[in-house]
Amino acid sequence: MTDAMIELVDVNKWFGDFHVLKNINMTVGAGEKVVICGPSGSGKSTVVRSINRLEEHQKGTIRFNGAELTNDPKSVASIQGEIGMVFQQFNLFPHLSVLENLTLGPIKARGLERSKAVERARHYLERVRIPDQADKLPSQLSGGQQQRVAIARSLCMEPKVLLFDEPTSALDPEMISEVLDVMVELAQDGMTMVVVTHEMGFARKVADKMVFMDQGEIVEQSDPQAFFANPQTERCRTFLSQILQH
Amino acid sequence: MMKPIFALLLLLGVAGCSSSGNWGWYVIDPTTKSGWINIKFLVSGMGNTILISVIAAAISIIVGLIVALPGQSSKRGWRIVNRVYVEFIRSIPLLPMLFWVFYGLPIVFKSMGLDIPIDPFWGAVITLAVSDSAFTAEIYRSGIQSIAKGQKEAAQTIGLNYYQTMRYVILPQAIRRILPPLANQFIYIVKMSAFASVIGMQELTRRANELVVTEYRPLELYSLLIVEYLVLVLIISAGVRWLERRMGSDERH
């Protein structure tokens, strides 16, 4: 595939003796939304963390817009900021206001003028529907609001792709939908997204491709209709029945 | 060996009390002329005690950070540099280090063809700063390590480099947390600056010593000396509490 934005070819990774990623092959095209699911410990977080070099893989190739990712600091620096990341634990900077959280990257890493960065930050706060919280500290916001600030912080870097690592898993149930709504909107606006999540309603709504992982392997990879209607493997069927039974 | 020490202690004890067994507060009685002169002489050492301590603490805070950062490196060589410095420096007692710097270092300089005199002031400052920097480095280490890994990762994903991550994300949070132990170290420096008296630095303790020699009133004079340090440390404590309130904590609401 020539227009793949992200390409993983035979990617392998070990934590010590533990083989956490086994021959991962996956592509994400521009504008595509890929949802990765699977039981905990299956390596799905490690896949997204490898894509933006928070983890190093030991074998195989990862390409971003055609360029191979290496551990050369220049290569790492060139992709960070291009590939946005939303964490399970938000990871907002607690000592900075919401606005400062959003403008730090654009000002320091991109050299954007402060006034432009503030303008951009306010635009994205509007977009995640918390325009009036700009001067608060993260600790003064609810979990759902914090995660939306984290999404806005990533968007302020105007990334080519956004990675989500279980973005709603740390949230109280009543706050999950406000975050998912924002993510659905992003998807509808054409953002390229790789989302690790157990929210199958969200997956059905936006996913172009479903990836099911178990024990470090990609067990199934298909379009959502086929994936939900007719899972090919026993492992996938079991997993789906477990998380969809409620 | 023990006899002269006992004799000295006895002498001090006797000198501490007046002949009738009463205290001789007249030495520092501000209502008498000589008492007032004595007080002024003693308290005027305060300036140097503060100056030595503040400069030494400032250097220690900078050197401590420079020493702490390689300790966080993923490269083993850098971590070893950090460990060697910390373990070596913190194992040297302050007084021998002071002697080495004041009497020994000029000889080292001379053998290198450098003519750098070391006066009591800078001898004391260098010794206190270097000695303290090993402890400051360890305090920084605990502070930096207490910041969750996710903070560094989040900084990376918005494109910040190592320096920017430290400067804008990690250190501002770490320093808030280590303010109390850093303040502790500063108080420690103030007290250890008393050692500067033995190389002739005219600070609080030296002044008291000199007056004791002429007035034979160690009990009163050293009592006042203790009160002088007490006042100094209480002022620092109040200042630190003010600073902590101003900087707030991560969890402020």
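The rules we used
Residues numbered from 1 in each chain as written. Chains lettered and ligands numbered in written order. Predicted model: local features only at pLDDT ≥ 70, side-chain atom pairs only at ≥ 80, totals over all residues. Heavy atoms only, no water. Pairing = 2+ DSSP bridges. Helix = DSSP H or I, 4+ residues; strand = E, 2+ residues; numbered from the N terminus. Axes fitted to C-alpha atoms, helices over the stretch in contact; angles between N-to-C directions. Contact = heavy atoms within 4.5 Å. Parallel < 35°, antiparallel > 145°, perpendicular 65-115°, else oblique. Nonpolar A, V, L, I, M, F, W, Y, C, P; charged D, E, K, R; others polar. Salt bridge = Lys/Arg side-chain N within 4 Å of Asp/Glu carboxyl O. Buried < 20%, exposed > 50% of the residue type's maximum accessible area, 1.4 Å probe, protein only. Right-handed = clockwise from strand over helix to strand, strands pointing away. UniProt positions renumbered as here; feature names shortened; annotations may be inferred. Buried area = accessible area lost by both parts, 1.4 Å probe.

What follows deals with the sheet that holds strand 9 (residues 209-214) of chain A. Residue and element names in this part refer to chain A. Spatial strand order, 6-7-8-3-9-10: six strands in an open sheet with mixed pairing. Lying at the two open borders of the sheet, with one neighbouring strand each, are strand 6 (83-86) and strand 10 (217-222). Each strand axis lies, on average, 15° off the axis of its neighbour in the sheet, ignoring direction. Contacts from helix 5 (residues 143-155) reach strand 6 and strand 7 (161-165), with the element oriented near 175° to strand 6.

Turning our eyes to something else, we now look at the packing of helix 8 (residues 162-192) of chain B against helix 10 (residues 218-247) of chain B. Residues and elements named next belong to chain B. Running from N to C, helix 8 and helix 10 point in directions that differ by 170°, and their axes come no closer than 10 Å. Classified by the angle between their axes, helix 8 and helix 10 sit roughly antiparallel to one another. Where helix 8 abuts helix 10, its residues Ile-175, Arg-176, Leu-179, Pro-180, Ala-183, Phe-186, Ile-187 and Val-190 lie against Tyr-229, Leu-232, Val-233, Ile-236, Ser-237, Val-240, Leu-243, Glu-244 and Met-247. Across the contact of helix 8 with helix 10, the residue classes break down as 14 nonpolar, one polar and two charged.

Turning our eyes to something else, we now look at the pattern of salt bridges. Inspection of every chain in the model, using the stated rule, returns 23 salt bridges over all chains. Between Glu-178 of chain A and Arg-148 of chain A there is a salt bridge, with its nearest N and O atoms 2.9 Å apart. Within this pair, whereas Glu-178 of chain A is found in helix 6 (residues 173-188), its partner Arg-148 of chain A is found in helix 5, the two being separated by 30 residues in sequence. Classification of Glu-178 of chain A by relative accessible area gives partly exposed; the value is 22%. Arg-148 of chain A gets classed as buried once you look at its relative accessible area, which sits at 7%. Glu-87 of chain B serves as the salt-bridge partner of Arg-90 of chain B, at 3.2 Å between the closest nitrogen and oxygen. Note that Arg-90 of chain B and Glu-87 of chain B are positioned in helix 4 (residues 76-90) at a spacing of three residues, about one turn of the helix. Salt bridges linked by common partners bring Lys-13, Arg-49 and Glu-55 of chain A together with Lys-149 and Glu-153 of chain B together as one network.

Turning to the pairing of strand 7 of chain A, a few remarks are in order. Strand residues, when the strand is regular, have side chains that alternate between the two faces of the sheet. Residues and elements named next belong to chain A. Counting buried positions along strand 7 gives five out of five residues, so the element sits mostly inside the fold. Here strand 7 shows a buried face lined by Val-161, Leu-163 and Asp-165 and a second buried face lined by Leu-162 and Phe-164. Of the pairings in the sheet, the one linking strand 6 to strand 7 comprises four bridges and is parallel in character. Considered in strand 7, the bridge of Gly-84 is made with Leu-162. Across five bridges, strand 7 lies against strand 8 (residues 192-196) in parallel orientation. From the neighbouring strand, Leu-163 faces strand 8, where its bridge partner is Val-194. In this region the chain leaves strand 7, passes through helix 6 and returns to the parallel neighbour strand 8; the handedness of that crossover is right-handed.

As annotated by UniProt and renumbered to match this structure, "domain: ABC transmembrane type-1" (unreviewed entry) occupies residues 46-237 of chain B. The annotated region residues 46-237 of chain B carries 80% helix and 0% strand content, and the separation between its end C-alpha atoms amounts to 17 Å.

Taken together, the 20 residues of chain B in the interface contact 23 residues of chain A. A combined buried area of about 1900 Å² lies between chain B and chain A, and 60% of that area is made up of carbon and sulfur atoms. Of all residues in chain B, Thr-157, Ile-158 and Tyr-168 of chain B bury the most surface against chain A, accounting for 32% of the area lost on that side. Inspection of the region where chain B meets chain A yields one salt bridge. Between Glu-153 of chain B and Arg-49 of chain A there is a salt bridge whose closest N-O contact spans 2.6 Å. Mapped onto the side of chain B that touches chain A, the elements with two or more residues apiece are helix 7 (149-157) and helix 8 of chain B. When residues in the side of chain B that touches chain A are grouped by element, the largest group, eight residues, is from helix 7 of chain B. Looking at side-chain class alone, the side of chain B that touches chain A contains seven nonpolar, eight polar and five charged residues.

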